[in-house]
Amino acid sequence: MSTMPLGRRKRADEIAEHIERAISTGEFKEGAQMPSEKELAERFGVGRPSVRQALFTLQQQGLVEITSGTRARVTAPSAKFLTGQLASLIARLTSTGQGQEHMEQARLLFEAGVAWQAARVATDEDIRRLKAALDANAAAIGNTPLFVRTDVAFHAELTVIARNPVFSGVHDALVGWLIDQRTTTIHMPDADRFSVRDHTAIYEAVAARDPMRAFHEMTSHLRLISELYRESKRLSDEILRQVARDVAGRIDRERESMWAAAGGPKAGNEAGKLTEGIAGKSKANRKAKDA
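Scope of this entry: the structure provided in the associated data block. Values in this document were obtained by computation on a predicted structure and should not be read as measured data.

Conventions and cut-offs
Residues numbered from 1 in each chain as written. Predicted model: local features only at pLDDT ≥ 70, side-chain atom pairs only at ≥ 80, totals over all residues. Heavy atoms only, no water. Helix = DSSP H or I, 4+ residues; strand = E, 2+ residues; numbered from the N terminus. Buried < 20%, exposed > 50% of the residue type's maximum accessible area, 1.4 Å probe, protein only. Areas by Shrake-Rupley, 256 points an atom, 1.4 Å probe, with all protein chains shown as cover. Expected span 1.5 Å × (residues − 1). Polar contact = N/O pair within 3.5 Å; in protein donor to acceptor, adjacent residues only side chain to side chain. Salt bridge = Lys/Arg side-chain N within 4 Å of Asp/Glu carboxyl O. Axes fitted to C-alpha atoms, helices over the stretch in contact; angles between N-to-C directions. Parallel < 35°, antiparallel > 145°, perpendicular 65-115°, else oblique. Left-handed = near helix turned anticlockwise from the far one by under 90°. Contact = heavy atoms within 4.5 Å. Phe/Tyr/Trp six-rings, centres within 6.5 Å; stacked < 30°, edge-to-face > 60°.

Regarding its fold elements, the chain presents 11 helices and 2 strands. The order of helices and strands in the chain, counted from the N terminus, is α-α-α-β-β-α-α-α-α-α-α-α-α. Counting every position in the chain, which comprises 291 residues, the buried fraction comes to 34%. Accessible surface computed for the chain: about 17,100 Å², of which carbon and sulfur atoms make up 56%.

As structure tokens, then:
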């Protein structure tokens, strides 16, 4: 990984801020080419590497477009670009247990609010579309890939009904995480049926134009999904640990039988003790975690 002197990096950040300000005030207009690197370097009294780094930073923010051999061009961050940036942030955030919990809290407030707004503004046509999404989800019970897609589609329809592009953008950024979460929880017994039950309650609240009821039905649904996700993860870990212990124990017994048949030393004793120790340690760790 290449390094850059701290002073130069600071200058690049300052230059990026100046250029961003020039873009926001209209000095550098959207769609127009910017001054050359040489001109910008002279303007700010710095070297071209600092300018180049500043332009790269602005490109990462979706404010400029850099093409080899031509001057940078001013652009406006598209909804797709911003959604992609947010999706990347969510992926990093949910890579930890605490981050997962924070995202679940944020999603609960976001989607409960969407349900509230959808119930407040829904038209008869909106209700028909939401019912179609619900029916598609119910029909997919037992078909895991299709159920996950129709589950996410039901929630997406609520953001459409709410008629706020920000809601739709946030939902699009959450889609990758939602699919991962639902793919995990759907393997719990009857999870799909519980989900359809909750979706039906949400639909009925929206159809009745009852915002508060829709808010609470969505809250209950997302709390269920969060708990199922945590339990599914816990059980998956426990099952895999047990499988590992069973396999290790079987190999230990086979090794001891082999040595016994050969009349040699029981070389598997120490290994067996190690296996038991690992199992005991895992059990102690789980007790400490539960406590």
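From this point, things continue past the structure.
The first and last C-alpha atoms of helix α8 (residues 165-185) sit 29 Å apart over 21 residues, in line with the 30 Å expected at 1.5 Å per residue. Among all positions in α8, only His 171, Ala 173, Leu 174, Trp 177, Leu 178, Gln 181, Arg 182, Thr 184 and Thr 185 are buried. One side-chain oxygen of the residue at the start of α8 lies 2.9 Å from the amide nitrogen of Val 166, identifying that residue as Asn 164.

The subject of this paragraph is the pattern of salt bridges. Across all of its chains, the model carries 17 salt bridges by this definition. Among the ionic pairs, Asp 124 bridges to Arg 209, the shortest N-O distance being 2.9 Å. Within this pair, whereas Asp 124 is found in helix α6 (residues 124-139), its partner Arg 209 is found in the loop between α9 (191-207) and α10 (211-262), the two being separated by 85 residues in sequence. For Asp 124, a relative accessible area of 53% gives the class exposed. On the accessibility criterion, Arg 209 (35% relative accessible area) is partly exposed. The salt bridge partner of Asp 135 is Lys 131, with a shortest N-O separation of 2.8 Å. In this pair, Asp 135 and Lys 131 are both assigned in helix α6, 4 residues apart and thus about one turn of the helix distant.

Before going further, it helps to examine the packing of α6 against helix α7 (residues 144-162). Following both chains from N to C, one finds α6 and α7 inclined at 165°, their axes separated by 8 Å at the closest point. Considering the angle they form, α6 stands roughly antiparallel to α7. The hand of the α6/α7 crossing is left-handed. Here Asp 126, Arg 129, Leu 130, Ala 133, Leu 134, Ala 136 and Asn 137 of α6 come into contact with α7, specifically with Phe 147, Thr 150, Asp 151, Phe 154, Glu 157, Leu 158, Val 160 and Ile 161.

Moving on: the packing of aromatic side chains. Centre distance and the angle of the planes are the two values used to describe a pair of aromatic rings. Under the definition given, this model contains 1 aromatic pair. Between Phe 110 and Phe 167 the ring centres are 5.9 Å apart and the planes differ by 75°, which places this aromatic pair in the edge-to-face class. Of the two residues, Phe 110 is situated in helix α5 (residues 97-121) and Phe 167 in helix α8; the sequence distance between them amounts to 57 residues.

As far as function goes, none of this settles anything; it's purely spatial.
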